[in-house]
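# Per-entry structural report
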Amino acid sequence: MLHRALMLGSSVVLGAITTIALAWACAAWVNPARVASTFTTQTTSANTLMGVATQSRFGHTRVNRATLVNFVRDPDTGAVESIGIRADATARSEDFTGWPCRSMVCINEGEITLQLNGAQMQTRLTGTPGRLGLLQLSPWPGGMSCWRALPARPVLVGFAIDTSIYAAIWAGLLIGFGSLRRARRRQAGLCAHCGYDLRGGRPIGEATQICPECGAADAIVATGSRP
Ligand SMILES: [Zn+2]
């Protein structure tokens, strides 16, 4: 039972490590700025208009949001005629990374880019330090909305789901490896549990039932063929 608990624990730890490693890999190598952003507006409780631009690729979603000022649409065509960003604390750029669920997040309060109809608006806030997660990397090549960092904070639900998935995969691998090793040992006339040589000078088919090394009584009957 201790063996089972140890294996379950190892699987969960390995699952969490895999989740973090994948989230960092997506943060470092999947550039969300290479896809066009989806732009929406929301009216906040303070009755201001918030612009939200989302870019999403495999394992990496970037959400830029900022309070809009002088936002004017043509009443007939809906085309945006003028727009501006207010550089205050409501402006932020968030990176959610990980796969299949987004498991980690970091927030940049210093560089916010809204894309709209191919045009880009960017604001760089001063005075507010950018919270760039664990480690800031060199920005993506090519202009705006290209900041890059390794996230440090888990997104609780996504982290739990991803960790469960990878823990299950690791448990399967560990169980498979364990049974393969036991089968090999039995074939060789060794104790399936500890690997002690049970033949003791006897031919393989007549190995003892009780392992003198670890005391295991089950599943140690060697099955090799006699000459
Ligand atoms: Zn043994």
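Residues numbered from 1 in each chain as written. Predicted model: local features only at pLDDT ≥ 70, side-chain atom pairs only at ≥ 80, totals over all residues.

### Notes on the overall build of the chain
When you go through the chain residue by residue, the secondary structure sums to two helices and 11 strands. Secondary structure elements of the chain, listed N to C terminal, follow the sequence α-β-β-β-β-β-β-β-β-β-β-β-α. Evaluated residue by residue, the chain yields a buried proportion of 29% over its 227 residues. Within the chain, counting contacts between residues at least 6 apart in sequence, those at least 24 apart form 50% of the total. (Helix = DSSP H or I, 4+ residues; strand = E, 2+ residues; numbered from the N terminus. Buried ≥ 20, exposed ≤ 12 C-beta atoms within 10 Å, placed from the backbone. Contact = placed C-beta atoms within 7 Å.)

### Here's the deal with the packing of helix α1 (residues 2-29) against helix α2 (residues 156-187)
In helix packing, the relevant descriptors are the interaxial angle and the interaxial distance, both defined with respect to the helix axes. Where α1 meets α2, the axes come as close as 7 Å, and the angle between the chain directions of the two elements is 125 degrees. On the basis of their axis angle, the class for α1 and α2 is oblique. Both α1 and α2 take part in a crossing whose hand is right-handed. Packed against α1, whose contacting residues are Met7, Leu8, Ser10, Ser11, Val12, Leu14, Gly15, Ala16, Thr18 and Thr19, the element α2 presents Phe159, Asp162, Thr163, Ser164, Tyr166, Ala167, Trp170, Ala171 and Leu174 at the interface. Each residue belonging to the contact of α1 with α2 can be placed in one class, and the counts come to 11 nonpolar, seven polar and one charged. (Axes fitted to C-alpha atoms, helices over the stretch in contact; angles between N-to-C directions. Parallel < 35°, antiparallel > 145°, perpendicular 65-115°, else oblique. Left-handed = near helix turned anticlockwise from the far one by under 90°. Nonpolar A, V, L, I, M, F, W, Y, C, P; charged D, E, K, R; others polar.)

### A short note on the pairing of strand β3 (residues 60-73)
With eight bridges connecting them, strand β2 (residues 49-57) and β3 associate as antiparallel partners. In the sheet register, Gln55 faces β3, and the bridge partner there is Arg62. What sits between the antiparallel neighbours β2 and β3 is a turn of two residues, in which Gly59 has the positive phi angle 75 degrees. When β3 meets strand β5 (residues 92-97), the two strands line up antiparallel, connected through six bridges. Residue pairing in the sheet places Thr61 in a bridge with Phe96 of β5. Here four bridges tie β3 to strand β4 (residues 80-85), and the two strands are oriented antiparallel to one another. Bridge pairing links Leu68 to Ile85 in β4. (Pairing = 2+ DSSP bridges.)

### A word on α2
With 32 residues, α2 should cover 46 Å at 1.5 Å per step; its first-to-last C-alpha distance of 46 Å lies within 8% of that length. Within the span of α2, buried status applies to Gly158, Phe159, Asp162, Thr163, Tyr166, Ala167, Arg185 and Arg186. Looking at the buried side of α2, the elements it contacts are α1 and β11 (153-154). Following α2 by one or two positions, Gly189 has its phi on the positive side, about 80 degrees. (Expected span 1.5 Å × (residues − 1).)

### Focus: the confidence of the model for the chain
Scored by pLDDT, the chain comes out at a mean of 83, with 81% of its residues at no less than 70. Every residue in residues 222-227 is under pLDDT 50, and counting partners more than four places away or in other chains gives 15 contacts. (pLDDT = per-residue confidence, 0-100.)

### Overview of unusual backbone geometry
For residues that are not glycine, phi is negative in most cases, and the peptide bond is trans in most cases. With an omega of 5 degrees, the peptide bond running from Trp99 to Pro100 counts as cis. Within the secondary structure layout, Pro100 lies in the loop between β5 and β6 (104-108). Phi is positive for Asn70, which is not a glycine, with a value near 55 degrees. Mapped onto the elements of the fold, Asn70 is located in strand β3. Assessed through the 10 C-beta atoms surrounding it within 10 Å, Asn70 is described here as exposed.

### A word on the environment of Leu150
Structurally, the position occupied by Leu150 is in strand β10 (residues 148-150). On the basis of neighbour counts, which here come to 20 C-beta atoms within 10 Å, the residue Leu150 falls in the buried class. Residues Leu150 and Cys106 lie 44 residues apart in sequence; the distance between their C-alpha atoms is 7.5 Å.

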